[in-house]
Amino acid sequence: LSSIKIYSKEYGLFEKQLTLLEEAEGGFDQFTRSYKGYGVQRMPDNSLVFKEWAPAAEALFLTGDFNGWDNFSHPYSKKDFGKWELHIPPKEDKTPAVAHNSKLKVVVHTSAGERLYRISPWAKYVTRHEKSVIYDWVHWDPPQPYIHKHPRPQKPRSLRIYESHVGIASPEGKVASYSNFTHNVLPRIKDLGYNCIQLMAIMEHAYYASFGYQVTSFFAASSRYGTPEELKELIDVAHSLGIIVLLDVVHSHASKNTEDGLNSFDGSDSCFFHSGPRGEHSLWDSRLFNYSGWEVLRFLLSNLRWWMEEYRFDGFRFDGVTSMLYHHHGIGSGFSGDYTEYFGLHVDEDSLLYLMLANHILHTLYQDCITIAEDVSGMPTLCRPVQEGGLGFDYRLAMAIPDKWIQILKEFKDEDWNMGNIVYTMTNRRYGEKCIAYAESHDQALVGDKTLAFWLMDKDMYTNMSALIPMNSVIDRGIQLHKMIRLLTHGLGGEGYLNFMGESFWKTKMNSYHYARRQFNLIDLDHLRYRQLYAFDRDMNRTEDKYGWLATPPAYISAKHEGDKVIVFERANVIFIFNFHPTNSYSNYRVAVGPPGKYKIKLDSDEIQYGGHGRLDHNTEFFTEPMEFNNLPNSILVNKLYYLNLNEHVVLATN
């Protein structure tokens, strides 16, 4: 009952906010198009209008290349509600007074007598000279803007996400480009069977090693990878391949930077943020938005609209949602699932209302828009529609799954793996709320941790991945478990699947160009076993594309046998069979089946092409018997289940 009361109250606040937007701004459609009024706008006659919100400022001026960096020649006029405007007529030749690629600054005079040089919060492009620490606001108004040629693909039935970072998407020890990603990486993603890209670190961030999570310019696509037009081309080409593109959006906090960030834009401690302790995130050392502020809502909601309209992204992965939901930001709080953890005064109503508004607006304006929440707390109704009193996300990240795999590999011997505990972690999700399952993401590959491959094979990856020599025990175990972990997660863990720039398997340290790169070149070498892991990833996705298990209800688990170390489950009329035992093989192993009929092997990780040993006959047909087993009406006998160093799992399907 408490949850119904809380959410009916939130829904009431949500409806009130929509009414206020209608009365004051003509509705959320107009309100979220504010990027067409703020910052700098070129009018039809080539005059320019500059508009900012700086409530604590005493005066505003515009300076830049166009006026010889004169600090006083172009003053803004003060308007109501802390807004400032400046009109600059075109030059005598009717061209804009501020040319494309000109550098600009807002000069803010404070009540304390300070003169501050700021970048517009609405800046569409900022760059940094290689010898400079501070970013420059660059007026981006190209004479020939990129025109999208391809429509957005339809929302996929099953979501298979390739989480990507443009800067590290190259074998070279440098920051890679949008164009490199478009021409060299997109074809690989398509070949691998992913139908969605989640692009990280696109919103401009001064500190590269933050992986994009300390945003300084919210409307600017990072210039370190190239121009805005090149990002538009990347997304357009992805759409031509049938791949949707999600933006990793960071609205949970902002960089503390002042000269090239939002912090203290008007000289005050607040402006876009809460003042005092509420405006500071103690762990992230960053600023926290005041989601109850009208102009803050304008800024953030228009920011979402900007990325959807200007760049044609297809949706968002919202970063740091747990931090937004609670006044304690999840710091020092373990979430057991008790409902008192999700309802009460520690819940931040302003943040909840913002997320409800964002999801309602996005899904109303863009029918196929996808939103994913990064929430570790398990907040109920996070992924239920707003009209039901939920927050309106389509999916949440199943963040416990990668943590479980790392814990198992760190703490347990193979013979001590607990099948029931693994299955519980894979299936422990709220009914009716979709999850994105993943074995690892950037979180595991960063901050000093290691990828799954490194936990499994470590230094042997440098010396023993050649297919020209026999596999040693470390590589054999590592390759087989790597495939098993990914397929079990794919088949059992959620209603979508995510992989982080997967097939190079290396550590990522963003402060090192040597480690912050993806060695796709290793996959192209026939004699290295990385190619085998790539092939399995590809065929795993293609098998899902055929049978669609991610788009079906959760699996029916018929076996999680601790002694045999065997897991069997059925989903989308596909039977998944895993043998995790380090030493035991099984003959004529009985497996429970729902629908009667004939089954054949459709994916076998023991195949030679996947780094297996080729011990199963794919011409074998498995006929069901009307023999009840493990609470299912039928069963089959699987002739061979080899132990994990020989054959670890098969996928059987009826067609």
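Because the structure is a prediction, the values reported are computed rather than measured.

## With respect to the overall build of the protein chain
- A count of helices and strands for the protein chain gives 14 helices and 29 strands.
- Scaling as 2.2 N^0.38, a compact globule of 655 residues should have a C-alpha radius of gyration of about 26 Å, and the protein chain matches this with 27 Å.
- Projected onto the principal axes, the alpha-carbon positions of the protein chain cover approximately 85 × 60 × 40 Å.
- Counting every position in the protein chain, which comprises 655 residues, the buried fraction comes to 61%.
- If you sum the accessible surface of the protein chain, you get close to 25,200 Å²; carbon and sulfur atoms cover 50% of it.

## Thoughts on the UniProt feature "active site" (unreviewed entry) in the protein chain
- Summarizing the sequence annotation, UniProt attributes the feature "active site" (unreviewed entry) to Asp319 and Glu374 in the numbering used throughout. In terms of the greatest pairwise C-alpha distance, the residues named above, spread along 56 residues, form a tight cluster of at most 5.4 Å across.
- Summarising the element assignment, aspartate 319 is placed in the loop between β17 (315-318) and α6 (321-325).
- Every residue in contact with aspartate 319, bar those within four places of it in the chain, is listed here: Tyr213, Asp248, Val249, Val250, Ser252, His253, Met324 and Glu374.
- With respect to the helices and strands, glutamate 374 occurs in the loop between β18 (370-373) and β19 (395-397).
- Not counting chain neighbours up to four residues away, the residues in contact with glutamate 374 comprise Arg317, Phe318, Asp319, Gly320, Val321, Thr322, Leu397, Met399 and Asp443.

## Quick word on helix α14 (residues 530-547)
- Over its 18 residues, α14 runs 26 Å from end to end, which matches the ideal 26 Å to within 8%, given 1.5 Å per residue.
- Positive phi appears at glycine 548, one or two residues downstream of α14, with a value of about 70°.

## Thoughts on the packing of aromatic side chains
- Counted by the stated rule, this structure contains 39 aromatic pairs.
- Both rings, one in phenylalanine 273 and one in phenylalanine 289, keep their centres 5.1 Å apart while their planes meet at 40°; by these two values the pair is tilted. Pair noted here: phenylalanine 273 is in the loop between β14 (244-249) and β15 (280-281) and phenylalanine 289 is in the loop between β16 (286-287) and α5 (294-310), with a separation of 16 residues, a long-range link.
- Its relative accessible area of 1% is what places phenylalanine 273 among the buried residues.
- Taking the centre distance of 5.7 Å and the plane angle of 40° together, the rings of tryptophan 417 and phenylalanine 580 count as tilted. Placement of tryptophan 417 in the loop between α8 (400-411) and α9 (419-427) and of phenylalanine 580 in the loop between β24 (574-579) and β25 (586-593) is noted, with a sequence separation of 163 residues between them.
- The class of tryptophan 417 is buried, set by a relative accessible area of 3%.
- On the accessibility criterion, phenylalanine 580 (1% relative accessible area) is buried.
- A cation sits over an aromatic face here: lysine 124 above phenylalanine 219, 5.8 Å from the ring centre.
- If you follow lysine 450 out to its NZ or CZ, it ends over the ring of tryptophan 455, 4.2 Å from the centre.

## Observations concerning a nonpolar patch on the surface
- Judged by side-chain polarity, Leu283, Trp284 and Ile331 come together as a nonpolar surface patch covering roughly 270 Å² of accessible area.
- For leucine 283, the position within the fold is in the loop between β15 and β16.
- You can call leucine 283 exposed: its relative accessible area is 61%.

## Structural notes on the nonpolar core
- Counting residues in hydrophobic clusters, the biggest one holds 141 residues, and the most contacted among them are Leu231, Trp307 and Trp405.
- No fewer than three residues from each of domain 1 (34-139) and domain 2 (555-654) sit in this core.
- Each residue touching leucine 231, except ones within four places of it in the same chain, is listed here: Tyr178, Leu199, Ile202, Ala221, Trp307, Tyr311 and Phe313.
- Leu48, Tyr76, Ala97 and Tyr135 belong to the second largest nonpolar core, which has 24 residues in total.

## As for the pattern of salt bridges
- In total, this model carries 37 salt bridges according to the counting rule given.
- What you see here is one network of salt bridges that share partners, running through Glu25, Lys83, Glu295 and Arg298.

## What to know about the sheet that holds strand β21 (residues 496-500)
- Around the barrel, which closes on itself, the 8 strands sit in the order β10-β11-β14-β17-β18-β19-β20-β21 with parallel pairing between neighbours. Recorded for the sheet is a direction-independent mean angle of 30° between the axes of neighbouring strands.

## Some details on the pairing of β17
- On β17, burial covers both faces: Gly315 and Arg317 on one face and Phe316 and Phe318 on the other are all buried.
- Judged from the 4 bridges that link them, β14 and β17 form a sheet pairing that is parallel. Bridge assignment links valine 249 to a residue of β17, and that residue is phenylalanine 318.

Conventions used here
- Residues numbered from 1 in each chain as written.
- Predicted model: local features only at pLDDT ≥ 70, side-chain atom pairs only at ≥ 80, totals over all residues.
- Heavy atoms only, no water.
- Helix = DSSP H or I, 4+ residues; strand = E, 2+ residues; numbered from the N terminus.
- Rg over C-alpha atoms; globule rule 2.2 N^0.38 Å.
- Buried < 20%, exposed > 50% of the residue type's maximum accessible area, 1.4 Å probe, protein only.
- Areas by Shrake-Rupley, 256 points an atom, 1.4 Å probe, with all protein chains shown as cover.
- UniProt positions renumbered as here; feature names shortened; annotations may be inferred.
- Contact = heavy atoms within 4.5 Å.
- Expected span 1.5 Å × (residues − 1).
- Phe/Tyr/Trp six-rings, centres within 6.5 Å; stacked < 30°, edge-to-face > 60°.
- Lys NZ or Arg CZ within 6 Å of the ring centre and 35° of its normal.
- Patch = residues over 30% accessible without salt bridge, like charges linked within 9 Å, V, L, I, M, F, W, Y side chains within 5 Å.
- Salt bridge = Lys/Arg side-chain N within 4 Å of Asp/Glu carboxyl O.
- Core = buried A, V, L, I, M, F, W, Y, C linked by side-chain atoms within 4.5 Å.
- Domains from an automatic or database assignment.
- Pairing = 2+ DSSP bridges.
- Axes fitted to C-alpha atoms, helices over the stretch in contact; angles between N-to-C directions.

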